[in-house]
Amino acid sequence: MRYRVEQLAAACDVSVDTIRYYQSRGLVPAPEREGRLAWYDERHEERIRRVRALRQKGLTLAAIARVLGDGGDEPDADLALAVAAARGEIAQGELLTLEDFAGRSGVPASLIQAVEREGIELGRTVDGEVRYTAADIEIVRGALRLLEYGLPVSDLLALARDTNEAMVGLAARAVELFDRHVRKPIIDTSGSSEDAAGQLVEAFDVLLPAVTNLVANHFRRVLLAEAEERLE
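Residues numbered from 1 in each chain as written. Predicted model: local features only at pLDDT ≥ 70, side-chain atom pairs only at ≥ 80, totals over all residues. Heavy atoms only, no water.

J.: Help me understand the layout of surface pockets, please; the structure alone is not making it clear to me.
T.: The gaps left among the atoms become clear once a water-sized probe is rolled over them. Looking at the second largest pocket, its volume works out to about 720 Å³. Every element with two or more residues in the lining of the second largest pocket is listed here: helix 7 (109-117), helix 8 (137-148), helix 9 (153-189) and helix 10 (193-231). Among the elements that make up the lining of the second largest pocket, the one with the highest residue count is helix 9 (nine residues). When grouped by side-chain class, the residues that make up the lining of the second largest pocket number 18 nonpolar, three polar and one charged. (1 Å grid on protein atoms, 1.4 Å probe; cavity = no way out; pocket = protein on both sides within 12 Å on 5 of 7 lines; lining within 4 Å. Points joined across faces, edges and corners; volume = space filled by probe spheres on them. Helix = DSSP H or I, 4+ residues; strand = E, 2+ residues; numbered from the N terminus. Nonpolar A, V, L, I, M, F, W, Y, C, P; charged D, E, K, R; others polar.)

J.: I'm lost on a negative patch on the surface in this one. Help?
T.: A cluster of acidic side chains, namely Glu226, Glu228, Glu229 and Glu232, defines a negative patch on the protein surface. Relative to the assigned elements, Glu228 resides in helix 10. (Patch = residues over 30% accessible without salt bridge, like charges linked within 9 Å, V, L, I, M, F, W, Y side chains within 5 Å. Areas by Shrake-Rupley, 256 points an atom, 1.4 Å probe, with all protein chains shown as cover. Salt bridge = Lys/Arg side-chain N within 4 Å of Asp/Glu carboxyl O. Lys, Arg positive; Asp, Glu negative; His and termini not counted. Charge placed at Lys NZ, Arg CZ, Asp CG, Glu CD.)

J.: Sorry, what's going on with the nonpolar core here?
T.: One recurring pattern in soluble globular proteins is that nonpolar side chains are buried together. Core analysis: the biggest nonpolar cluster contains 25 residues, and Ile19, Leu27, Ile48, Leu59 and Ile64 have the highest contact counts within it. Only helix 1 (5-12), helix 2 (16-24), helix 3 (42-56), helix 4 (61-67) and helix 5 (76-86) provide two or more residues apiece to this core. Of the residues forming this core, the biggest block, five residues, is contributed by helix 4. Grouped together as the second largest cluster of nonpolar side chains are 14 residues, Ala114, Tyr132, Val140 and Leu157 included. (Core = buried A, V, L, I, M, F, W, Y, C linked by side-chain atoms within 4.5 Å. Buried < 20%, exposed > 50% of the residue type's maximum accessible area, 1.4 Å probe, protein only.)

J.: Just checking my understanding: could you explain the sheet that holds strand 4 (residues 124-126) for this structure?
T.: Sheet strands associate in pairs through backbone hydrogen bonding, adopting either a parallel or an antiparallel arrangement. Strand order in this open sheet of three strands is 3-5-4, and the pairing throughout is antiparallel. Only two strands of the sheet have a single neighbouring strand rather than two, namely strand 3 (95-96) and strand 4. Here strand 3 pairs with strand 5 (residues 129-133) via two bridges, running antiparallel. Residue pairing for strand 5: Leu96 is matched across the bridge by Tyr132. (Pairing = 2+ DSSP bridges.)

J.: How do you make sense of the pattern of salt bridges when you look at a structure like this?
T.: A side chain with one charge may pair with a side chain of the opposite charge, provided their charged atoms come close. Inspection of every chain in the model, using the stated rule, returns eight salt bridges. Its salt-bridge partner being Glu176, residue Arg180 comes within 3.2 Å of it at the nearest N-O pair. Residue Arg180 and its partner Glu176 are located together in helix 9, separated by four residues, close to a single helical turn. Residue classification places Arg180 among the partly exposed positions, given a relative accessible area of 45%. A relative accessible area of 37% means that Glu176 is categorised as partly exposed. A single network of salt bridges, built from pairs that share partners, joins Glu138, Arg141 and Arg145.

This is the structure:
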């Protein structure tokens with residue numbers, strides 16, 4: 001069966017712009033051309049449905065490219081799925097526009113955008129458009145409570161910027177250590193891609209909560225020590 005782009009969009013329940021966006025990212029192959037006409041077929045329909053299913057699991061388009069075999073080591077596909085599962089709040093619940101998100105959270109859209117300009121990404125790009133989830137509402141409500149207790153907006157944004165810079169640097173170092181000392185040795189020494197994939201996912205599932213708890217508990221301890229010193 002052959003489709004025009006509008007027919008393919010209707011069959012897959014996506015917009016024409018989404019199909020073209022996927023093509024621009026190399027996730028959907030180009031259509032066959034007959035003069036000025038572009039034709040799609042079942043292969044394109046299957047690929048679009050696959051991309052959509054992986055997006056619903058929370059994978060980024062770059063990770064989807066790996067899963068679909070457009071580059072990278074085969075065991076990385078399962079690791080990408082494990083990372084996406086750990087970020088599961090992306091796939092849960094209704095996707096909201098900025099206006100809907102602001103209305104439900106009670107936080108002005110201008111404040112949400114100001115926080116994002118400082119590097120704290122609350123929204124996620126889904127098919128080329130920024131969307132928010134209900135899981136992020138408590139984050140922005142927490143920021144609003146800080147303002148209600150008298151913290152100036154300028155200081156809150158500066159704190160957000162400094163926190164983001166520190167966290168990005170720390171996360172980059174942690175990922176580099178995982179890549180160098182865990183991922184690469186597993187891929188190099190495993191007997192098969194399936195064994196490597198299983199070991200990578202197991203290592204990630206163990207190390208993610210360990211590192212997260214280590215950082216969170218250490219920050220809490222340091223924060224309380226600073227507060228105690230200030231009171232003295």
